[in-house]
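Observations on chain architecture
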Amino acid sequence: MYETLGPVPAHELFVLLGVLAAGGVFALEARRRGHTDERLAYVILGAVVGGAVFMRLGTWMQHVDLRENASLAEQWLYGNRSILGGLVGAWLGVHIAKRAVGYRARTGDLFAPAVALGMAVGRIGCLLTEAPGTATAGGWGITLDAAAADRTGAPAGVGLHPSFGYEIAFHLLAFGLLWLWLRHRALPPGESFVWYVASYGVFRFLVELVRGNEIAWAGLTRPQLFLMATVPLVLLRIVYQARRGAYRGALHPAPREQVDA
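Described in the following lines is the structure provided in the data block. Remember, predicted model here, so these are calculated numbers, not experimental data. Each chain carries its own residue numbering, running from 1 in the direction its sequence is written. Local features are withheld for residues below a pLDDT of 70 in this predicted model, meaning they are given only at 70 or higher, and side-chain atom pairs are given and counted only at 80 or more; totals for whole chains, interfaces and linings count all residues. For the side-chain quantities, the full set of heavy atoms in the structure was used; hydrogens and water were omitted.

**Focus on the packing of aromatic side chains**
Pairing of aromatic rings covers Phe, Tyr and Trp, the last through its six-membered ring, and needs centres within 6.5 Å; plane angles under 30 degrees mean stacked, over 60 mean edge-to-face, and all others mean tilted. Per the stated rule, a full pass over the model turns up 6 aromatic pairs. Each ring, one from phenylalanine 26 and one from phenylalanine 111, has its centre 4.8 Å from the other, and the planes form 55 degrees; the classification is tilted. Here the residue phenylalanine 26 occupies a position in helix H1 (residues 10-33), and phenylalanine 111 occupies one in helix H5 (residues 108-129), the gap between them amounting to 85 residues. Exposure remark for phenylalanine 26: the relative accessible area of 6% places this residue in the buried category. Aromatic side chains phenylalanine 175 and tryptophan 179 sit 5.8 Å apart centroid to centroid with 20 degrees between the ring planes, which places their arrangement in the stacked category. Note that phenylalanine 175 and tryptophan 179 are positioned in helix H7 (residues 163-180) at a spacing of 4 residues, about one turn of the helix. The way it works is that DSSP assigns letters per residue, a run of H or I at least four long becomes a helix, a run of E at least two long becomes a strand, and they are numbered from the N terminus. To sort residues, take the accessible area from a 1.4 Å probe on protein chains only and compare it with the maximum for the residue type: under 20% means buried, over 50% means exposed, and anything in between is partly exposed.

See below:
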C-alpha cells in the first residue's frame, strides 16, 4: 500500500490524473463531433461540481434515524467518498446546467469514454491506498503487512481480492470498446453513455461481493441496495428503446457524415 507517492497523497494524485484524462478525452471527442458551442463549458462545470458534491455527500444518509448520521459539515470534511454518488451527482449537474443555459444537444457520447478512462485512472489511487477486498485463495490476492492492515482495517497476511484492480480492468475494457468501436457505430445520440452506466452498474453489484464493504440489509451492502433500485430502471430504458426500434442497425458502422460530425 502506498498512502503517498513522495510528498503527494496517492489517492488525490490519481483522482486529479483521472479528471485530467477524462477532460482530454472529452475535448478530443467534442472536437471530432463538432461540439463547439461555448455553453458546453457550463455543462462540464455542472458535471464537475455535481460529481464533487455528491461524491462527498453521497454516503451521508446511512441510517434511517437521521440523528445517527454525521452532520453535513462533518460528512463533507471527514466522510467517505462514493463513486456511485459522484456519477449520480455529475449526471444531475449536467442536466441542471443544460437547463440553465438552454443547451439541448445530447452529450452522453462525449462523457461515456471520458468517464470510463477517468474512472480507470482514478481507481489506481483506491488500489494503492484502500482496503482491497475479501479473502481469496487465488494467487493474485493482495497481502497486507501489519501497518497497512491496521490503517485500512483489513486482515494482515492473507491474500485479498484486488477489487479495485477488477474495476480498473473493467473501465479500461469499457474505454477500449467505447473509443475504438462503439463511437463509430450508428447508435442513437447519447446511448453509449446509457449502455456504459448499465454495464458498470451490473459489474459493480457483482464486484461488491468481494469488496468487503459493510453489510447493510439482507446480506447486501449499501452500494448493492442503491444499485438494486437504480440499475433496473436503466435496463428497462434500454429494453424500451430496443422494442421501439431505436437500436435497429445500431451496431453497423455509422454513416460518414455522422462519424465526422
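After that view of the structure, there is still more to cover.
**Considerations on helix H2 (residues 40-57)**
One fewer than the residue count of a helix, multiplied by 1.5 Å, yields its expected span. In this model, H2 (18 residues) spans 26 Å end to end at C-alpha, consistent with the 26 Å of a helix rising 1.5 Å per residue. All buried positions along H2 are accounted for by Leu40, Val43, Gly46, Ala47, Gly50, Gly51 and Arg56.

**Here we look at the environment of proline 188**
Position of proline 188 relative to the elements: it lies in the loop between H7 and helix H8 (191-207). Among the residues examined, proline 188 registers a relative accessible area of 18% and is labelled buried. Put simply, proline 188 and arginine 106 are 82 residues apart on the chain and 9.8 Å apart in space, counted from C-alpha to C-alpha. We call two residues in contact whenever any of their non-hydrogen atoms come within 4.5 Å of each other. Setting aside its immediate chain neighbours within four residues, proline 188 contacts Asp109, Ala246 and Tyr247.

**Considering the packing of helix H4 (residues 83-101) against H5**
The description of two packed helices rests on the angle between their axes and on the distance between the axes. With axes taken as lines fitted to C-alpha atoms, and helix axes fitted only over the stretch in contact, angles between N-to-C directions fall between 0 and 180 degrees. Relative orientation of the contacting elements H4 and H5 amounts to 150 degrees, with a least axis distance of 13 Å. The orientation of H4 relative to H5 falls into the category roughly antiparallel. Both H4 and H5 take part in a crossing whose hand is right-handed. Across the interface between the two elements, Ile83, Leu87 and Val94 of H4 pack against Phe111, Val115, Met119 and Arg123 of H5. Residue polarity is assigned by list, with Asp, Glu, Lys and Arg as charged and Ala, Val, Leu, Ile, Met, Phe, Trp, Tyr, Cys and Pro as nonpolar; anything else, Gly included, falls into the polar class. Among the residues making up the contact of H4 with H5, the classes are represented as 6 nonpolar, no polar and 1 charged. In these notes the angle categories are as follows: under 35 degrees is roughly parallel, over 145 is roughly antiparallel, 65 to 115 is roughly perpendicular, and the rest is oblique. Handedness of a crossing is defined here by the sense of rotation of the near helix relative to the far one, left-handed for an anticlockwise turn of less than a right angle and right-handed for a clockwise turn.

**What about the environment of proline 113?**
With respect to the helices, strands and loops of the structure, proline 113 is situated in helix H5. When the C-alpha atoms of proline 113 and glycine 176 are compared, they prove to be 8.2 Å apart, with 63 residues separating the residues in sequence. Ignoring anything within four residues of it in the chain, the contact list for proline 113 reads Val25, Phe175, Leu178 and Trp179.

**A closer look at the pattern of salt bridges**
Here, a salt bridge means any side-chain nitrogen of Lys or Arg that lies within 4 Å of a carboxyl oxygen of Asp or Glu. Going through the model one piece at a time under the given rule, you end up with 12 salt bridges. In this structure, arginine 237 engages glutamate 191 in a salt bridge whose closest nitrogen and oxygen atoms are separated by 2.8 Å. Taken together, the residues span a long stretch of sequence, with arginine 237 in helix H9 (residues 222-243) and glutamate 191 in helix H8 at a distance of 46 residues. By relative accessible area, which is 31% here, arginine 237 ends up partly exposed.

**Describing H4**
Relative to the 27 Å expected for 19 residues at 1.5 Å per residue, H4 spans 27 Å between its end C-alpha atoms, a close match to the ideal helical length. Within H4 the residues assigned to the buried category are Ile83, Leu84, Gly85, Gly86, Gly89, Gly93, Val94, Ala97 and Lys98. Taken together, the buried residues of H4 touch H2, H5, H8 and H9. Of the residues trailing H4, glycine 102 is marked for its positive phi of about 75 degrees.

**Observations regarding the packing of H2 against H4**
Relative orientation of the contacting elements H2 and H4 amounts to 145 degrees, with a least axis distance of 6 Å. Like other packed secondary-structure pairs, H2 and H4 cross with a definite hand, here right-handed. Taking contact as the criterion, the partners of Tyr42, Val43, Gly46, Ala47, Gly50, Gly51, Phe54 and Met55 in H2 are, on H4, Ile83, Gly85, Gly86, Gly89, Ala90, Leu92, Gly93, Val94, Ala97, Lys98 and Val101. Among the residues forming the contact of H2 with H4, the class breakdown is 11 nonpolar, 7 polar and 1 charged.

Function-wise, these values are silent; they only describe arrangement.
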